[in-house]
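Survey of secondary and tertiary structure
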Amino acid sequence: MPGMWPTLINDTFLRACLRQPTTHTPIWLMRQAGRYLPEYRATRVKAGNSFMGLATNVQYATEVTLQPLDRYALDAAILFSDILTVPDAMGLGLSFGAGEGPKFAHPVRDEAAVAALAVPDLDRLRYVFDAVTSIRHALKGRVPLIGFSGSPWTLACYMVEGGGSDDYRLVKSMLYGRPDLMHRILDVNAQAVTAYLNAQIEAGAQAVMVFDSWGGVLADGVFQRFSLEYTRRVVAGLKRSHEGQTVPVIVFTKGGGPWLDEIAAIGADVVGLDWTVNLGAARARVGSRVALQGNLDPMVLFAPPGAVAREGIAVLDSFGRPQRPDGTWDGHIFNLGHGISQHTPPEHVTALVEALHRHSRTLR
Ligand code: CP3
């Protein structure tokens, strides 16, 4: 049972999400727990050298979630799990082959498979909710815990393709050829994702993020009907406050720059941006309605530490001073524009976090 939570000590991340005053710009990094950290690789070996072995074991999932926080002064933790746990619970048979991406044993490719699809029994995802509760306790109030899910569209990409894809040929064939089937998948996914995120909130998640990693591969007009509309339904169905605290919602569409105004209008508190978007221009357009999260190119982390610090500071300066001349505040959460690469030198992240914390205080 969740029970009594430790008092939150560093609430900077939640404050920025809600566009409240902050003493520095909060930082966290997508995929901050992962293979670039030697301590992660060591725990992974203990878990039978398998990603799902890690994710389904509450002790290991808790341990790896906390690893990046012990190394870096990050302002938020993110649940260690994966977006593909939901289709796995639908019975699609997820596996991660050695050195390969994810694979589904039973992809959803025809009318019969689509008809058989249903919102999974949340008991099959109990290990995720148990991990959320365990992590929230283990954090001892150091920083807030973010829960997450894939967007209905991004999950559909994996469910139809059966894994990663270069051209999205199968999922787009269904979208254009049998839009009725695609809408049925998206409808089931939206219901499943809503229930899954609400259960994470009940288990102790203090903010939630929807990863629409593949929204940006869609054509204009198609994105709005097949991705954004279903993410909007998810956001509309979420608990926005729990145990007296507001639970901010972050929506991140990779490649979503062309649709910034529309994404900012679906009811989320925060919009995540990739590195193709100018942060200052985005702020001018939507910054009084939503906070912005992003948007350093993760490949910057391969440059020498001095260059990493300089590029990170340029992102802060692009957003500018979060307090407006009229005294109100806009919100910026520093992040990468996509997940950190597994080849990243860990000490370059140290240089980034230190430079950001130092510089962001000079912007107050
Ligand atoms: O951010 C975090 O630290 C939390 C954990 C997290 C993982 N995956 C762990 C993971 C999160 C938030 C995700 C989200 C996720 N998973 C997304 C959306 C974000 C994005 O990157 O666009 C997507 C598309 C996936 C699907 C997925 N999971 C892929 C394509 C892969 C294989 C590619 C890769 O990077 O290895 C995974 C596996 C995965 N998920 C790993 C981790 C740490 C690596 C697994 C391992 O240890 O072998």
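In what follows, the accompanying structure is described. Predicted model, so just to flag it, every value in this text is computed and none were measured.

What follows deals with empty space enclosed by the protein. Here the structure, examined in full by the defined rule, presents three cavities of 30 Å³ or more. For the largest cavity, the calculated volume is near 60 Å³. Residue lining of the largest cavity: 13 residues in total, with T253, G256, G257, G272 and L273 positioned closest to the centre. With three residues, the top contributor of residues to the lining of the largest cavity is strand β8 (residues 249–253). If you add up the space inside the second largest cavity, you get close to 40 Å³. Lining the second largest cavity are W5, P6, L8, R136, L139, G141, V143 and Q206.

Let's shift gears to the nonpolar core. Ranked by size, the top nonpolar core spans 129 residues in total, and within it F13, M182 and I185 carry the most contacts. Here this core gets 13 residues from one element, more than from any other, and that element is helix α10 (residues 179–203). Among residues more than four places away in sequence, those in contact with I185 are V108, V114, L117, A156, M159, V160 and M174.

Here we come to the sheet that holds β8. Across a sheet, strands are paired by hydrogen bonds formed along the backbone, either parallel or antiparallel in direction. The sheet built from seven strands is open, its strands ordered β1-β4-β5-β8-β9-β10-β11 with parallel pairing. Two strands in the sheet have a free side with no partner beyond their single neighbour: β1 (77–78) and β11 (332–336). Of the strands in this sheet, β10 (291–296) and β11 are in contact with helix α13 (residues 279–286), which crosses β10 at around 165°.

The buried count for β11 comes to five of five residues, which makes it a mostly enclosed element. Residues of β11 alternate between two faces, with H332, F334 and L336 on one and I333 and N335 on the opposite face, all of them buried. Each parallel crossover has a hand, and the one from β10 via helix α14 (residues 305–319) to β11 is right-handed.

A few words on unusual backbone geometry. Backbone geometry follows two general trends: most residues other than glycine have a negative phi, and most peptide bonds adopt the trans configuration. Following G294, the chain continues to N295 via a peptide bond in cis, the omega torsion being -5°. Of note in the backbone geometry, R31 takes a positive phi value of approximately 65° without being a glycine. Looking at the element boundaries, R31 is found in the loop between α1 (12–17) and α2 (38–46). Of note, E243 is a non-glycine position whose phi angle comes to about 50°, a positive value. Along the chain, the position of E243 falls in the loop between β6 (241–242) and β7 (245–246). Note on E243: relative accessible area 48%, which makes it partly exposed.

The next point concerns the site of the ligand. Neighbouring the ligand are 22 residues; R31, R35, Y40, R44 and S213 lie closest to it. Within the side chain of Y40, an N or O atom sits 2.5 Å from an oxygen atom of the ligand. Considering the ligand on its own, with 870 Å² of exposed area, one finds that the protein chains cover 89% of that surface. One can see that the ligand is located within the largest pocket. Looking at side-chain class alone, the shell around the ligand contains 14 nonpolar, four polar and four charged residues.

As a further point, take the packing of aromatic side chains. For the coordinates displayed, the defined rule picks out seven aromatic pairs. For the pair F223 and W259, a centre-to-centre distance of 4.1 Å together with 10° between the ring planes defines the contact as stacked. Here the residue F223 occupies a position in helix α11 (residues 222–236), and W259 occupies one in the loop between β8 and α12 (260–263), the gap between them amounting to 36 residues. The exposure class assigned to F223 is buried, which follows from its relative accessible area of 0%. On the basis of relative accessible area, W259 is assigned to the buried category, the value being 5%. Following the ring pairs from residue to residue traces out a cluster consisting of Y40, F51, F80 and F96.

About the criteria used
Residues numbered from 1 in each chain as written. Predicted model: local features only at pLDDT ≥ 70, side-chain atom pairs only at ≥ 80, totals over all residues. Heavy atoms only, no water. 1 Å grid on protein atoms, 1.4 Å probe; cavity = no way out; pocket = protein on both sides within 12 Å on 5 of 7 lines; lining within 4 Å. Points joined across faces, edges and corners; volume = space filled by probe spheres on them. Helix = DSSP H or I, 4+ residues; strand = E, 2+ residues; numbered from the N terminus. Core = buried A, V, L, I, M, F, W, Y, C linked by side-chain atoms within 4.5 Å. Buried < 20%, exposed > 50% of the residue type's maximum accessible area, 1.4 Å probe, protein only. Contact = heavy atoms within 4.5 Å. Pairing = 2+ DSSP bridges. Axes fitted to C-alpha atoms, helices over the stretch in contact; angles between N-to-C directions. Right-handed = clockwise from strand over helix to strand, strands pointing away. Near = heavy atom within 4 Å. Polar contact = N/O pair within 3.5 Å; in protein donor to acceptor, adjacent residues only side chain to side chain. Areas by Shrake-Rupley, 256 points an atom, 1.4 Å probe, with all protein chains shown as cover. Sits in = over half its atoms within 2 Å of the grid points. Nonpolar A, V, L, I, M, F, W, Y, C, P; charged D, E, K, R; others polar. Phe/Tyr/Trp six-rings, centres within 6.5 Å; stacked < 30°, edge-to-face > 60°.

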